Amino acid sequence: MNAKNGATAPTGSACLEKVLGRLDKVKSAGSGRWKACCPAHNDRAPSLSIREAADGKVLVHCWAGCETRDILAAIGLELRDLFPGDKPARRGPSRAAITHERTVYQIGLAQQQMGNRLSPEDQARFELAKQRLGVSDAETK
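Since the structure is predicted, the reported quantities are computational estimates derived from the model, not experimental observations. (Residues numbered from 1 in each chain as written. Predicted model: local features only at pLDDT ≥ 70, side-chain atom pairs only at ≥ 80, totals over all residues. Heavy atoms only, no water.)

Peer 1: Provide a residue-level description of the pairing of strand β4 (residues 58-62), including the pertinent values.
Peer 2: The alternating pattern of β4 places Val58, Val60 and Cys62 on a buried face and Leu59 and His61 on a face that is not buried. Two elements, strand β3 (residues 48-52) and β4, share five bridges in a ladder whose sense is antiparallel. By the bridge assignment, Arg51 is partnered in β4 with Leu59. Between β3 and β4, which pair antiparallel and follow one another directly, the connecting turn spans five residues, one of which, Gly56, has a positive phi of 95°. (Buried < 20%, exposed > 50% of the residue type's maximum accessible area, 1.4 Å probe, protein only. Helix = DSSP H or I, 4+ residues; strand = E, 2+ residues; numbered from the N terminus. Pairing = 2+ DSSP bridges.)

Quick look at the structure:
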């Protein structure tokens with residue numbers, strides 16, 4: 001059952017509540033899963049699967065083949081309503097960026113330790129990697 005029919009289903013996020021609250025014949029289909037009648041076609045027996053992903057996204061699938069946009073339009077929602085609200089702003093560079101800077105730094109350092117001179121472009125990039133990683137000149141000698 002759902003809020004539309006006077007009862008509520010146990011749910012997680014506000015996104016999921018918003019979707020389930022607009023569907024008919026919502027029933028639990030296991031832990032974190034529901035089924036309901038698809039609002040995009042004349043559905044007599046529930047053919048719409050609904051679940052919440054670990055990151056809070058709501059996943060819907062009509063086994064009769066209705067498109068997600070059509071399902072959402074039929075209940076007055078948009079694709080953005082399937083995603084949780086504002087994501088926290090990233091603080092600092094990504095893990096991949098840090099790994100890349102470390103690689104650039106390690107290559108430049110290894111070349112210098114072998115007595116090889118870096119080209120002006122490579123030296124500039126090496127210095128930028130050092131700066132981004134917060135490595136002092138004393139640490140490279």
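Peer 1: Lay out helix α3 (residues 95-113) in plain terms, naming residues and giving numbers.
Peer 2: With 19 residues, α3 extends 27 Å between its outermost C-alpha atoms, agreeing within 8% with the 27 Å of an ideal straight helix rising 1.5 Å per residue. For α3, the set of buried residues is Glu101, Val104, Tyr105, Gly108 and Leu109. Taken end-on, α3 shows its buried residues confined to a sector of 125°, consistent with a single buried face. Residues of α3 that are exposed and point more than 90 degrees away from the buried face comprise Arg95, Ala96, Ile107 and Gln113. Check the buried side of α3 and you find it contacts α4 (120-133). Following α3 by one or two positions, Gly115 adopts a phi angle in the positive range, close to 85°. (Expected span 1.5 Å × (residues − 1). Arc of directions from axis to C-beta. Contact = heavy atoms within 4.5 Å.)

Peer 1: Could you give an account of the side chain of Asp43, with specific residues and numbers?
Peer 2: Mapped onto the elements of the fold, Asp43 is located in the loop between β2 (33-37) and β3. Here Asp43 is buried and forms no salt bridge, its nearest opposite-charge partner Lys25 lying at an N-O distance of 8.1 Å. A polar contact of 2.6 Å, which involves the side chain of Asp43, links it to the backbone nitrogen of Cys38. For Asp43, the side chain forms a polar contact with the side chain of Ser47, separated by 2.7 Å. Apart from residues lying up to four places away in sequence, Asp43 is in contact with Ala36, Cys37, Cys38 and Leu48. (Lys, Arg positive; Asp, Glu negative; His and termini not counted. Salt bridge = Lys/Arg side-chain N within 4 Å of Asp/Glu carboxyl O. Polar contact = N/O pair within 3.5 Å; in protein donor to acceptor, adjacent residues only side chain to side chain.)

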